[in-house]
Amino acid sequence: LMAAANGVNTCIAEGRYNDFSIYPGKVFHYNPNTKVWTPSPVDVNLWGPYVDSEYDPQSGLIVVISKNKGLFTYDPLNKVGRQEISWFKPELSYAQNLVYFPPNGKMYHILNDGQVYEVTPDRSNFANSTIVQITGITGTPPPLTIPSTSETETGFAYDSANQIIG
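Visitor: Could you clarify how one ought to interpret the side chain of His29 in this entry?
Guide: Within the fold, His29 resides in strand E2 (residues 26-31). There is a polar contact of 2.7 Å between the side chain of His29 and the side chain of Tyr74.

Written as structure tokens, this is what we have:
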């Protein structure tokens, strides 16, 4: 899935990929078998730009975190988005990482500066889900700057062989 808020995405704006601007503010589905992108009727302005999202295999929904608007779910089968919790949490930053961790069924919102928030989805009622900053983290966080640039960007995924996020 790709959320193209206002039809704009950096790569698209630079002309490197298809022009999704003809479908402003839509959530797009990509089918790797057919190699086709299709827009859903959901307007991503529901949750706004600069969000983090992750598929939740336990519920079959995509969890979306917006620092400005709250916690949302998106149903990719029925193409329905829904706000579950409303908040304004600037400390969550934007365009960070959200990773599902199968051993405990939780998600981890990892900021580029090494801060980590634990998201505990309440799958019977997502409105009761929680997000709490983890304190007492030790060790050295990964480098924040991309080599040979001044940009900060990280990417994390679950490593099933070692049961860690890296």
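Back to the write-up after that little detour.
Visitor: I'm lost on the sheet that holds strand E10 (residues 116-120) in this one. Help?
Guide: Within a beta sheet, neighbouring strands are joined by backbone hydrogen bonds and run either parallel or antiparallel to one another. Taken together, the 4 strands give an open sheet; going across it, the order is E8-E9-E10-E11, and neighbouring strands pair in antiparallel fashion. At either margin of the open sheet sits one strand with a lone partner, and together these are strand E8 (97-101) and strand E11 (130-133). Adjacent strand axes in the sheet meet at a mean angle of 25 degrees, parallel and antiparallel pairs treated alike. Of the strand pairs in this sheet, E8 and strand E9 (residues 106-110) are connected by 5 bridges, and their pairing is antiparallel. Paired with Asn97 across the bridge in E9 is Ile110.

Visitor: I'm lost on the sheet that holds strand E7 (residues 80-86) in this one. Help?
Guide: If you trace the 4 strands from one edge of the open sheet to the other, you get E4-E5-E6-E7, paired in antiparallel fashion. Strands at the two margins of the open sheet, each flanked by one partner only, are strand E4 (52-56) and E7. Strand after strand, the sheet turns through a mean of 25 degrees between neighbouring axes, direction not considered. Inspection of the sheet shows strand E5 (residues 61-66) paired to strand E6 (residues 70-75) by 5 bridges, in the antiparallel sense. Within E6, the position partnered with Val63 by the bridge is Thr73.

Visitor: It is not clear to me how the packing of aromatic side chains should be interpreted in this structure. Could you clarify?
Guide: Here the distance between the centres and the angle between the planes together describe a pair of aromatic rings. Under the defined criterion, the tally for this structure stands at 5 aromatic pairs. An angle of 45 degrees between the planes, with centres 5.0 Å apart, marks the rings of Tyr30 and Trp37 as tilted. With centroids separated by 5.5 Å and ring planes inclined at 90 degrees, the aromatic side chains of Phe101 and Tyr158 adopt a geometry described as edge-to-face. With Phe101 in strand E8 and Tyr158 in strand E12 (residues 158-159), this residue pair connects regions lying 57 residues apart in the sequence. A relative accessible area of 16% means that Phe101 is categorised as buried. Three or more aromatic residues link up through ring pairs in this structure, and these residues are Trp47, Phe72 and Tyr74. The lysine or arginine in question, Lys89, covers the ring of Trp87, its NZ or CZ lying 5.2 Å from the ring centre.

Visitor: Got a minute to help me understand the pairing of strand E3 (residues 36-43) in this structure?
Guide: Put simply, side chains in a regular strand alternate between the two faces of the sheet. Pairing geometry for E2 and E3, over 5 bridges, is antiparallel. Across the sheet, residue Tyr30 finds its bridge partner in E3, namely Trp37. Taking the residues between adjacent antiparallel strands as the criterion, E2 and E3 are bridged by 4 residues, where Lys35 takes a positive phi near 60 degrees.

Visitor: Help me understand the side chain of His109, please; the structure alone is not making it clear to me.
Guide: By the element assignment, His109 lies in strand E9. Here Leu92 takes part through its backbone oxygen, which lies 3.0 Å from a polar atom of the side chain of His109. The residues contacting His109, other than those within four sequence positions of it, are Asp52, Ile65, Leu92, Gln96, Asn97, Leu98, Gln115, Val116, Tyr117, Val119 and Ile131.

Visitor: In this structure, what is going on with the nonpolar core? I would like to understand it.
Guide: Soluble globular proteins tend to pack their nonpolar side chains together in the buried interior. Grouped together as the largest cluster of nonpolar side chains are 15 residues, with contacts concentrated most on Ile65, Leu71, Trp87, Val119 and Ile131. Secondary structure elements with two or more residues in this core: E5, E8 and E10. Ranked by the residues each element gives to this core, the list is headed by E5, at 3 residues. Contact partners of Val119, with chain neighbours within four places excluded, come to Ile65, Leu71, Leu98, Lys106, Met107, His109, Thr130 and Ile131. Val27, Val42, Val64 and Phe72 belong to the second-largest nonpolar core, a separate cluster that totals 8 residues.

Visitor: Just to check I follow, could you spell out the pattern of salt bridges for this structure?
Guide: Where charged atoms from two side chains of opposite charge approach closely, those side chains can pair. Using the criterion set out here, one finds 3 salt bridges in the structure. Two residues, Asp56 and Arg123, come together in a salt bridge whose shortest N-O distance is 2.9 Å. On the criterion of sequence distance, the pair formed by Asp56 in strand E4 and Arg123 in the loop between E10 and E11 is long-range, its members being 67 residues apart. Take Asp56: its relative accessible area is 0%, and that puts it in the buried class. Across the pair Glu118 and Lys106 runs a salt bridge whose closest N-O atoms are separated by 3.4 Å.

Reading the values: the criteria
- Residues numbered from 1 in each chain as written.
- Predicted model: local features only at pLDDT ≥ 70, side-chain atom pairs only at ≥ 80, totals over all residues.
- Heavy atoms only, no water.
- Helix = DSSP H or I, 4+ residues; strand = E, 2+ residues; numbered from the N terminus.
- Polar contact = N/O pair within 3.5 Å; in protein donor to acceptor, adjacent residues only side chain to side chain.
- Pairing = 2+ DSSP bridges.
- Axes fitted to C-alpha atoms, helices over the stretch in contact; angles between N-to-C directions.
- Phe/Tyr/Trp six-rings, centres within 6.5 Å; stacked < 30°, edge-to-face > 60°.
- Buried < 20%, exposed > 50% of the residue type's maximum accessible area, 1.4 Å probe, protein only.
- Lys NZ or Arg CZ within 6 Å of the ring centre and 35° of its normal.
- Contact = heavy atoms within 4.5 Å.
- Core = buried A, V, L, I, M, F, W, Y, C linked by side-chain atoms within 4.5 Å.
- Salt bridge = Lys/Arg side-chain N within 4 Å of Asp/Glu carboxyl O.

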